[in-house]
Amino acid sequence: MNQTIAGLLPTKRWSRLIPIAFITYSLAYLDRANYGFGAAAGLAEDLNITPAISSLLGALFFLGYFCFQVPGGIYAEKHSAKRMIFWSLILWGALATATGMVHSVALLAVIRFLLGVAESVVMPAMLIFLSHWFTRQERSRANTFLFLGNPITVLWMSILSGYLVNSFGWRGMFIIEGVPAILWAFIWWMVYADRPKDAAWLSEREKRAVENALAAEQQAIAPVKNYREAFRSPKVLSLAFIHFFWNIGMYGFIMWLPSILKTASGMGIVATGWLSAAPYLLAVPLMLGASWISDKFQQRKAIVVTFLGLGAACFIASFTLGASHFWISWTLLVIAGGAMYTPYGPFFASIPEMIPRNVVAGAMSFVVCFGALGSFVGAWIVGYLNGLTGSPAASYIFMGGSLVIAVLLTILTRFSSTSAASTRTASAS
């Protein structure tokens, strides 16, 4: 990017926008991930839920989450995310609170599915929002601050939920943790700005600097006619399947780590909460460091391969050692969890750098959508295997194997754009 243009880009974008994205995604993550604690704290026993049904209920969120990713992302690009996210916040907060009031498995299944539908628009809308504000040299860090809402939320949620369950039971935990999303909806409405032209806190010169820098990036990307062509692109399909297998390991880990640790350690729910928090604590410095390196040296693929490979290796090693070496096995799981989180910023920063603006919303949502499907498979199958076998060994193999596939696909995928000029030259020749 031209250094003159870079010097004109307002630094206040970071302090104004990143907290909005971070808090919104954090609240979404809180209300989707606390089901694992509810399941470990008596929800299944109180509602007479079998392990197989419990795993399906945990995974139903991701089936709903799968449904509206692409339409939500396209709406955010063509219209506005403001109104869509506002109503989404209120709806998912209400549904999360309602989880603590259910007395039947059927109603819990409906709530879990609808919660996924309500939250499905958040991730693509937030990624598109950040792509409207931050350039190629900034995008991995901007995305990483968004995705830090994931491990940081699970970090404090793992500890807080343990204490809330201990004090108020699993019903009280769900009710208390659902309220903040409803309150945040009104703050969101007051402070959000879709694009630089909508921001009253930027001067006209600053607005033009951001818009011009983003427009200049588009000149290096080969054109794509429409969404159908984008969805059939080998590069987009490859990224989608990477995200699919990655999220099988990721969400199998997130959803069932409390139950796995509680069973293996024999400790109480509060101690389990502290043990479950460690991978997310490690993820924070790893994500920040990797995103800085990715932006400074423009390395996306190498970051993804390195950390997904590390996550897969630690999963396999943890399984090999087994519960008889609990603390070493737990340490390896901590490293695996931190490593799996680390590449999210660079991975999603690469998509707007490969796909032109007219179809990037659909393409990015398509990739996110496949990740949601992988999350459904991971959350369901891991819980099912744990219940079927009575131990986490089979689920370790399943999650580790999925991560290995994600690594192999990443190695085979080209993380770079083909310039429009090169495309035109090739066509002419």
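Structural data are supplied above this passage.
Residues numbered from 1 in each chain as written. Predicted model: local features only at pLDDT ≥ 70, side-chain atom pairs only at ≥ 80, totals over all residues. Heavy atoms only, no water.

Concerning the layout of surface pockets
Note the threshold: Cavities and pockets are found on a 1 Å grid laid over the protein atoms alone: a cavity is a set of points where a 1.4 Å probe fits but cannot escape, a pocket is an open set with protein on both sides within 12 Å along at least five of seven lines, and a lining residue has an atom within 4 Å of such a point. Grid points are joined across faces, edges and corners, and a volume is the space filled by probe spheres set on the points. Under the scheme used here, helices are H or I runs from DSSP no shorter than 4 residues and strands are E runs no shorter than 2 residues, and both carry numbers assigned from the N terminus. The residue classification treats Ala, Val, Leu, Ile, Met, Phe, Trp, Tyr, Cys and Pro as nonpolar and Asp, Glu, Lys and Arg as charged. All others, Gly included, are polar.
Reported here for the largest pocket is a volume of approximately 430 Å³. As for the largest pocket, its lining consists of 20 residues, of which Pro 51, Trp 256, Ser 259, Thr 263 and Asn 386 are closest to the centre. Those elements that place two or more of their residues in the lining of the largest pocket are α3 (35-40), α4 (43-46), α5 (51-67), α14 (234-265) and α19 (357-389). Split into classes, the residues belonging to the lining of the largest pocket amount to eight nonpolar, 10 polar and two charged.

Considerations on the packing of helix α2 (residues 12-33) against helix α9 (residues 122-131)
For clarity, the cut-off: The axes used here are C-alpha line fits, helices contributing only the stretch in contact, and every angle between their N-to-C directions lies in the interval 0 to 180 degrees. Comment on the angle field: the value is read as roughly parallel under 35 degrees, roughly antiparallel over 145, roughly perpendicular from 65 to 115, and oblique elsewhere. Throughout, a contact is declared for two residues whenever any of their heavy atoms are within 4.5 Å.
Between α2 and α9, whose axes approach to 11 Å, the crossing angle comes to 170°. By the angle between their axes, α2 is roughly antiparallel relative to α9. Where α2 approaches α9, its residues Leu 17, Ile 18, Ala 21, Thr 24, Tyr 25 and Ala 28 are matched on the opposing element by Val 122, Met 123, Met 126, Phe 129 and Leu 130. Partitioning the contact of α2 with α9 into residue classes produces 10 nonpolar, one polar and no charged.

Comments concerning helix α10 (residues 139-147)
Test applied: Three exposure classes are used, based on accessible area relative to the maximum for each residue type with a 1.4 Å probe and protein chains only: buried under 20%, partly exposed in between, and exposed over 50%.
Of all nine residues in α10, seven are buried, a share of seventy percent or more. By the burial criterion, the buried members of α10 are Arg 139, Ser 140, Ala 142, Asn 143, Thr 144, Leu 146 and Phe 147. Looking at the buried residues of α10, the elements they touch are α2, α9, α11 (149-191), α12 (204-218), α15 (269-297) and α18 (344-354).

Brief notes about α11
What counts, and what does not: To estimate how far a helix should reach, multiply one less than its number of residues by 1.5 Å. To get the bend at a given residue, fit one axis to the seven residues ending there, fit another to the seven starting there, and take the angle between those axes.
Look at α11: only 19 Å from first C-alpha to last across 43 residues, short of the 63 Å you get at 1.5 Å a residue. Along α11, the largest kink reaches about 125° and is centred on Phe 168.

Comments concerning the environment of Ala 277
Here Ala 277 is to be found in helix α15. Sequence separation between Ala 277 and Phe 253 is 24 residues; the distance between their C-alpha atoms is 12 Å. If we ignore the near neighbours within four places in the chain, the residues touching Ala 277 are Leu 155, Ser 158 and Ile 159.

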